[in-house]
Each structure stands twice: as structure tokens, then as C-alpha cells.
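Structural features, examined
Spelled out from the first residue to the last, the chains are:
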Amino acid sequence: MSSQYKKISKYFTRAALILLLFFNNIFADNPKVKILIIDNPKNMDFWWIKNNNFGIDPSSTNNGFLWYKKNSTITYQLKTLVVDSSFNFNESFIKYNFSKDTYLRFGKYYRDYSTYFNDSISSGHILISNNAEAIPKVGFVSAYKIKKTNIIDFNFGISHGILDKNTSYTKRPMLHEKFIYMTIRSGSNSIFEIGFVHEAIWGGKTLDDGEYTGSSLKDFLKVFISADGPLIENTLHANALGNHLGIWDFSYQKRQSDRLLKIYYQHFFEDTSGLRFANKTDGLWGLELENYLTNTNILIEYLSTINQDLNNDYLRDGYYNHSTYNLGWSYKDYIIGNPFINNLAIVPTEVMHLGIEGKISNSNNSYKILSSRRINISDDIKLKIVLKRQLFDTVDYGIFLVSDGREKGLGFSLDWIINN
């Protein structure tokens, strides 16, 4: 065992025990407590180690700690990670339910929309995936049900977040997020959903501009409705204040016995041209089959960004890029959305992705396979295969293989549920 490993493990153990004792004393009502240890291969320059990994800069050994408690009205979650003796909080929040469909949540968390989405085996949600750390924010979510028909429901939410201060942003930019979804039920087994999600980076202070890019209530109202900011010299029209992006979110689910079919399309937009589908079929297309093979989920995705930047002043989309917020759609140097989309340059991309997870027969063995490849250029298959075995009722240990073509690496993991 290396001295670095000993140092990290010692630090992690102390921190985990302190947190465990602290929270168990305050909320001593049988919470869930889980510890995760990952031993990565020596070469960590693999796609599925660096990406969709919760914004973790991979080291030889990563240690995680999860504390979770829920009652009828309040949910508490604390998720931490120790990397190279650095103690970080990731998805940690308090959620208060006013009713079944209405709640307030604050802390660090990912998203309250696209509830159909399977982050575990996806290439990554096109707006907010598990690629970066969870963003600090406070959000309110509610629903409206049309009682006369009992067929159509509306779900909606709004949140306010804040991004990081770094070499480009001398004062933290803010994040505005809102969404509304209409759910249509056909019988008891079919659901069609259409959603509109709007995200915007605004405010803060950038190093290049040397001025605040808008942080008043008036500016917020402009951001809320995507109103224009000041006209920039040598441009034909004023752009919206802040960096705006979003999706039209379509999904269909059909259940037959224990089988579930999901079909979805996340259509990306950055301005009114994308809102009008002038960027054609760009976005993330997905098909998921649950239990069509026993105890197995199969997910196939197609990602396209080939219709951005169409050489017209009103169609110059750079999906995750922005001239003022020059780090684009990113948080702490990690892309917030799908990691195959470049946040620093316009790079038209097409990707095919396959994700599979399930149990091996009726045993305690499980597996997960992630396989992705760009298809508009010559590219190697980015592969990760995970095999796990449950030991007793509280411990899972696993082995994983990662490959980016000829290069291969082997790693190990251990999940220990202290209390469940």
C-alpha cells in the first residue's frame, strides 16, 4: 500500500467517522449511511474515468461517503468525496415537501426535470448531467393536475444558482433555471410528456470585460424573458443578456407487465433559431428497454450537434460556447451537460452510445457496460465494463475495465452500507 493511499485512507476514515457520529447523533432515526472506495488504474486518462464522474479529478484512489435520511416532509442528503486529501461536498441538500408534488430544495443538486432519464447508463443529459459537480442552488417545484379529465398534468419549477469563481470570472456568475412539463396519460400504461427547460448564466464579473454583465433586479427580469442586452459594436442585432440555452424535452413511456419502453428526444436550443427547430434534429435521441431481457436495462442513444453555426447571423449557435462567459456551459472546469459537446469551441459531433446494466441470472452478481463512439470522425470506442458481486447484505465489491482503443486499464471498487 503506497504512502499516498495510506494518507488518503486515514484522512477519509477520520472524516467519515466524524460525520457519521455527528449526523447519527442529530438525526438518530435509522438513516442510510454508505461508504465507497474506488481504486483506479495507474493510467487515468480514460474517457469513462474522466467523464460523467460527478466532476471528480480522478486520483489513484477515490473515497466517498453518503449519508441520507428521509421522513414524511424532509429529505436530508450529504455526499462527500476525498481526493488527494481534499474533502469535497457534491450532491448534498435539504428538501422540504409542502405536499406530494410541491417542495423547496436548497444545497448542491443536479436537476428536478427529465424524471424519465437514466443517468446511470446514459452518455449524459444534454443540459445537466453527472459530468460536473452539482451546482449550489435553491429551487421550488410544484404541479397542477386537471381534475376533470385526470389525463393531463403540469409540472413546473424555478431555481437560482451560483457558479464558481476562477481565472476567467473574477466574481461568480449566477444561474437561472426554470421549466414546465405537460404530461398526457393514455390509459393506465402510456405516458407522453413534453417539456420546456430554460437555463441562463448571468451576472458576475469577467476578467476580459472588466465590468459586471448584469446583476440587478432589472437585469434578472431581462434574463427571465431572454430580453436583449446592449447592442455590441459591429453586430447586426443585440443578443440576449447572459448566456441562454435550453431544451424541448419529449418523452414517451409504455409499460407492459414488468416491461418498460422509453423513447425520448432532448432538442437543444441556444436562441430563437433552435426554439423554431432551425437546427433541425440536433440533440439527444434515446431508446431504453427495461426488463425486455430479464433484470436488464438496455439504452441506445444518438447525439448530434452537426447543425450548429449555420453561417447566418441569426443561426450562429455554438451550443455550449459563449463570447462573454468564455468557459461556456461548465462548472469548475467540467462540462455541465453532455461531455461529448465541446464548451470551448464549435465542434460538430455525432455520437452513438450503448449502455447496459443488469443482474447475472438470479445471483448476487451484477454488471454495467458503457460504450460510446463518435461516428462523424474516425474514433476509437470508449468502453467501460463493470462487474460487481454482493458480499453479505451490506458489502459490494467490483472490478472494472476501461478502454479507449488499444489502451486498457483495470480498477476495483468497494461499497459498504453501514446503515440502511
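Here, every reference points to the structure presented above.
Residues numbered from 1 in each chain as written. Predicted model: local features only at pLDDT ≥ 70, side-chain atom pairs only at ≥ 80, totals over all residues. Heavy atoms only, no water.

Moving on, we get to the overall build of the protein. Of the regular secondary structure elements, the protein holds four helices and 23 strands. Out of the 420 residues belonging to the protein, those deemed buried represent 47%. Here the contacts in the protein between residues at least 6 apart in sequence split such that 55% fall between residues at least 24 apart. By element, 57% of the accessible surface of the protein is carried by carbon and sulfur atoms, the whole surface being about 21100 Å². (Helix = DSSP H or I, 4+ residues; strand = E, 2+ residues; numbered from the N terminus. Buried < 20%, exposed > 50% of the residue type's maximum accessible area, 1.4 Å probe, protein only. Contact = heavy atoms within 4.5 Å. Areas by Shrake-Rupley, 256 points an atom, 1.4 Å probe, with all protein chains shown as cover.)

Right, let's talk about the side chain of Asn321 for a bit. Along the chain, Asn321 falls in the loop between β16 (296-304) and β17 (330-331). With relative accessibility at 15%, the residue Asn321 sits in the buried group. A polar contact of 3.2 Å, which involves the side chain of Asn321, links it to the backbone oxygen of Asn342. Beyond its immediate sequence surroundings of up to four residues, Asn321 is in contact with Asn243, Glu270, Gly328, Asn342, Asn343, Leu344, Ala345 and Ile346. (Polar contact = N/O pair within 3.5 Å; in protein donor to acceptor, adjacent residues only side chain to side chain.)

In this section: the pairing of strand β5 (residues 92-97). Here is the key point about a regular strand: its side chains alternate between the two faces of the sheet. The pairing of β5 with strand β6 (residues 103-109) spans six bridges and is classified as antiparallel. Among the inter-strand pairings, Ser92 is bridged to a residue of β6, identified as Lys108. (Pairing = 2+ DSSP bridges.)

The subject of this paragraph is the pattern of salt bridges. Throughout the structure, instances matching the rule amount to 13 salt bridges. For the salt bridge of Arg105 with Asp112, the shortest nitrogen-to-oxygen distance reads 2.3 Å. Taking relative accessible area as the criterion, Arg105 reaches 9% and is therefore assigned buried. Across the pair Lys382 and Asp379 runs a salt bridge, and its minimum N-O distance is 2.9 Å. Among the residues examined, Lys382 registers a relative accessible area of 9% and is labelled buried. (Salt bridge = Lys/Arg side-chain N within 4 Å of Asp/Glu carboxyl O.)

With respect to the element layout, Ile38 can be found in strand β1 (residues 32-39). Sequence-wise, Ile38 and Ile399 are 361 residues apart; in three dimensions their C-alpha atoms are separated by 9.6 Å.

Among the surface-exposed residues, Ile94, Tyr96, Phe98, Leu104, Phe106, Val138, Phe140, Ile158, Phe224 and Ile225 lie close enough to one another that they form a single nonpolar patch of about 870 Å² accessible area. Of all the secondary structure elements, the ones that give two or more residues to the nonpolar patch are β5, β6 and β7 (135-145). (Patch = residues over 30% accessible without salt bridge, like charges linked within 9 Å, V, L, I, M, F, W, Y side chains within 5 Å.)

Turning our eyes to something else, we now look at unusual backbone geometry. The phi dihedral of Ser226 is positive, around 60 degrees, even though this residue is not glycine. Position of Ser226 relative to the elements: it lies in the loop between α3 (217-224) and β13 (243-256). Taking relative accessible area as the criterion, Ser226 reaches 33% and is therefore assigned partly exposed. Its identity is not glycine, yet Lys280 carries a phi of approximately 60 degrees, on the positive side. Following the sequence through the fold, Lys280 ends up in the loop between α4 (272-275) and β15 (283-290). In this structure Lys280 comes out as exposed when scored by relative accessible area, which is 53%.

Inspection of the secondary structure assignment puts Val351 in strand β19 (residues 350-359). Remark: the alpha-carbon pair of Val351 and Arg374, spanning 23 residues in sequence, is separated by 4.3 Å. Leave out the neighbours within four places in its chain, and Val351 touches Glu301, Tyr302, Leu303, Phe340, Ser372, Arg373, Arg374 and Ile375.

What follows concerns the packing of aromatic side chains. The tally for this structure, following the rule as stated, stands at 20 aromatic pairs. Look at Phe54 and Tyr110: their rings are 6.4 Å apart centre to centre, the planes differ by 55 degrees, and that puts the pair in the tilted class. Taken as a pair, Phe54 in the loop between α2 (47-50) and β2 (61-70) and Tyr110 in the loop between β6 and β7 lie far apart in primary sequence, 56 residues in all. The exposure class assigned to Phe54 is partly exposed, which follows from its relative accessible area of 26%. Since its relative accessible area comes to 7%, Tyr110 is described here as buried. (Phe/Tyr/Trp six-rings, centres within 6.5 Å; stacked < 30°, edge-to-face > 60°.)

Our next topic: the environment of Lys145. Mapped onto the elements, Lys145 comes out in strand β7. The exposure class assigned to Lys145 is partly exposed, which follows from its relative accessible area of 39%. In this structure, the C-alpha to C-alpha distance between Lys145 and Met182, residues 37 residues apart in sequence, is 9.9 Å. Not counting the four nearest positions on each side in its chain, Lys145 is found in contact with Asp101, Ile152 and Asp153.

For the rest of this paragraph, the subject is the pairing of β7. As defined by bridge partners, β6 adjoins β7 across seven bridges and the pair is classed as antiparallel. Each bridged residue has a counterpart across the sheet, and for Leu104 the counterpart in β7 is Phe140. The pairing of β7 with strand β8 (residues 152-162) spans nine bridges and is antiparallel. When the bridges of β8 are listed, Gly139 appears paired with Ser159. Taking the residues between adjacent antiparallel strands as the criterion, β7 and β8 are bridged by six residues, where Asn150 takes a positive phi near 60 degrees.

Attention now goes to the nonpolar core. Counting 42 residues, the largest nonpolar core has Ile126, Leu127, Phe268, Tyr320 and Trp329 as the members making the most contacts within it. Among the elements of the structure, α2, β7, β10 (174-186), β11 (190-202), β13, β14 (259-269), β16 and β18 (334-335) are those that each provide at least two residues to this core. Of the residues forming this core, the biggest block, three residues, is contributed by β10. In this structure, Phe268 is in contact with Ile126, Leu127, Leu245, Gly246, Ile247, Gly274, Asn279, Asp282, Gly283, Tyr319 and Tyr320, ignoring residues within four places of it in sequence. (Core = buried A, V, L, I, M, F, W, Y, C linked by side-chain atoms within 4.5 Å.)

Geometry only, nothing functional implied.
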